[in-house]
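This is what each chain is made of:
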Amino acid sequence: MSQAFGIVLTGLAFGMLLFLLASGLTLIFGLLGYVNLAHGSVYLLTAYLAIETYESTSSYPLAAAVAIGVAAALGVVVYVAFLRGRPRLRTSPLAQVLLSFGVIYVIADLTQTRYDGLAKSLAVPRFLSGNVNVAGAGLTGYRTMLIGAGIAVAIGLWLLLSKTSFGASVRAGVDDAAMLASIGINPERLFAAVIVLGFALAGLAGLLGSAFIGTYPGVEYFIILYTLPIVVVGGLGSLSGAFLASLLVGVGDALGKAYFPEVSLFVIFAIVVAALAVRPQGLLRRA
Amino acid sequence: VRKALIAAVLIALFVTLREGLDGYALNVTSLGMIAGALGMSLSLLVNYAGLPSLAHAAFYGTGGYAVGLLAVKANQSNLWLGLLTAAAVTAVLGLVVGVVSLRTRGIYFQIITLSVTAMLWGLAVKWRSLTGGDDGLVGVVPPSLFPLPGSVVTPQGSFTVAAAGLLVVTAVVTVVRRSAFGHVLVGIRDSESRMASLGYNTWAFQLGAFVLSGVLAGLTGALLTYQLQFISPAQVNFIVSIQALLIVVLGAGTLWGPAIAGIAVTWVQELLQSSTEHWTLVLGLIYIAVALVDPPLVVTKMRRRSAPPGPPDEPDAAPAPAVAARAHSPAEARS
């Protein structure tokens, strides 16, 4: 019982971490038609930065500011340098894949150089951890906090999208960007805002995930392989779909790893393939 | 006359390289030709069928595991038998994956094919009793050429096999491109609804291209495993798919481009790796440049102006247009 509870708790926490990443990915795709395969690299970079900042200053708020700030700044750079005024990159999946991998390689090289390719994780700050690692029980407090943070972000995003005029523009843009421009809303500014929002969420994931799954060279592939299925199964552009799918994948992965370790990876992707084969446009289709 | 000339140049090039290069250079060039053959097989899908599949690593790896398992578990190391097995296994895989993934289009097609690759990669990593997991299968012996004499042991031998493989894949892709089948494929790429209303079963044509392309990739993967005498999950990793796409795009939509781009990319990567610690950075910048510049478009524009064919902005593809300008083929490789 308590073991199963621990597994589900870990799964939920992992699911929430995935939701932080998948929500940004799905919003950016929904609005710009750009699949940012380099989303995992934002996690890789910001997790390292959060750990470095916290270790050198012992200030968690400062670590948070660095992680989220750098992620947002990276979003601006990617948008201005590669996406603004390049309609081809919004319509050609081929070009998107190559661009994303270029970004992945560049960030991989920079972090490799700075951190010597070491796997790192943040020592959970005492005020976040509740009960600290009683043999086997694990960091229950931190996982609970992570779940809470995920739910808070989900509610925040939902409020942002459904109750503000910014959110209304985004929802309208997901449905029909050309129509949005024709009623006088500058789509470019909206695109920039959504990219920055999506990247900042990935930065938050880097901050929170650094004390949970940690960061290491290659984590960017791990993340993209887990978040893409979520975005697809949830329906590209759909926030609520991404939330549900994140929970499913997180808990499913934890259970699979615990009880069917031989086939867990295979099953996750088999589900994606099956879902896409049955519903070629994703399961849910609303933002 | 032109064909004979090209053949003569290729043969001369082959003999010169085979006799002139040292073992190391021969090995790198062999790997490059295998990468070129993989890109070539993918170009059939990307350039002519308009299907930018990310499942090619799955075929590449499956072909490799087919001959790897044959050699390690069944002690069977005949080259022809190995290739036949690889072809059969990847044909079945291609049929299954094609039926499922061709239900989707655009970005969904890319994601479903990526998931297929991830699925097989997951199997290769986790099914330790069969695949050896991350350690891979060691001890794939050099293949024998029976009924021909001897086996592929020396770098020269591997070079010959790789060159033959590249030639065969290139020939198949060329023949397909120029056949009625190839013309229908291009027609479907340009407008699926038009071809459908003309009475073509577009799905069947695309499935045929998918299976054929997958089998060619599987054969190429088998050659790689024989060449390395080793197979590990790295050969099924989706990064292989991405690199194959890069090679196709660098091939600039031309018929022969991917073959040359494959050799060029492999050499550039090899030289970068040995000369700078930051080769990943340079590689990343190359990817970004290719994504922004779009070599197929550059070549198209240059041909429209009917200027003498020069290199596109990307240095890796430099030799491509010179050869390919003579091979008649539409340059648009857009999806």
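Residues numbered from 1 in each chain as written. Chains lettered and ligands numbered in written order. Predicted model: local features only at pLDDT ≥ 70, side-chain atom pairs only at ≥ 80, totals over all residues. Heavy atoms only, no water.

With that out of the way, let us pick up helix α2 (residues 39–57) of chain A. Residue and element names in this part refer to chain A. An ideal rise of 1.5 Å per residue puts 27 Å on 19 residues; α2 measures up with 27 Å between its terminal C-alpha atoms. Across the 19 residues of α2, 15 count as buried, placing the element largely inside the fold. Phi turns positive, to about 55°, at Ser-58, one or two residues after α2. (Helix = DSSP H or I, 4+ residues; strand = E, 2+ residues; numbered from the N terminus. Expected span 1.5 Å × (residues − 1). Buried < 20%, exposed > 50% of the residue type's maximum accessible area, 1.4 Å probe, protein only.)

To continue, consider a nonpolar patch on the surface. Residues and elements named next belong to chain A. Together, Val-8, Leu-255, Tyr-259, Phe-260, Val-263, Val-267 and Ile-271 make up an exposed nonpolar region whose accessible area comes to about 590 Å². Mapped by element, the contributors of at least two residues to the nonpolar patch are α12 (239–259) and α13 (264–278). With respect to the helices and strands, the residue Leu-255 is situated in helix α12. (Patch = residues over 30% accessible without salt bridge, like charges linked within 9 Å, V, L, I, M, F, W, Y side chains within 5 Å. Areas by Shrake-Rupley, 256 points an atom, 1.4 Å probe, with all protein chains shown as cover. Salt bridge = Lys/Arg side-chain N within 4 Å of Asp/Glu carboxyl O.)

Attention shifts here to the interface of chain A and chain B. Taken together, the contacts link 42 residues of chain A with 43 residues of chain B. Surface buried jointly by chain A and chain B totals about 4,100 Å² across both partners, of which 78% is contributed by carbon and sulfur atoms. Among the residues of chain A in contact with chain B, Leu94(A), Leu98(A) and Tyr105(A) are the three that bury the most area, contributing 17% of the side total. The tally of links between chain A and chain B comes to zero salt bridges. Where chain A packs against chain B, one counts two residue pairs in polar contact (both at pLDDT 80 or more). Residue assignment for the side of chain A that touches chain B shows that the elements contributing at least two residues are α4 (87–91), α5 (93–115), α11 (219–234) and α13 of chain A. The leading source of residues in the side of chain A that touches chain B is α5(A), at 15 residues. Residues that form the side of chain A that touches chain B fall into these classes: 32 nonpolar, six polar and four charged. (Contact = heavy atoms within 4.5 Å. Buried area = accessible area lost by both parts, 1.4 Å probe. Polar contact = N/O pair within 3.5 Å; in protein donor to acceptor, adjacent residues only side chain to side chain. Nonpolar A, V, L, I, M, F, W, Y, C, P; charged D, E, K, R; others polar.)

What follows covers the pattern of salt bridges. Applying the stated criterion across every chain, the model contains four salt bridges over all chains. The partner of Arg114(A) in a salt bridge is Glu52(A), with the nearest N and O atoms 2.6 Å apart. One end of the pair, Arg114(A), is in helix α5; the other, Glu52(A), is in helix α2, and 62 residues separate them in sequence. Glu192(B) is the salt-bridge partner of Arg105(B), the closest N and O atoms lying 3.1 Å from each other.

Limitation: the analysis is restricted to geometry and does not speak to function.
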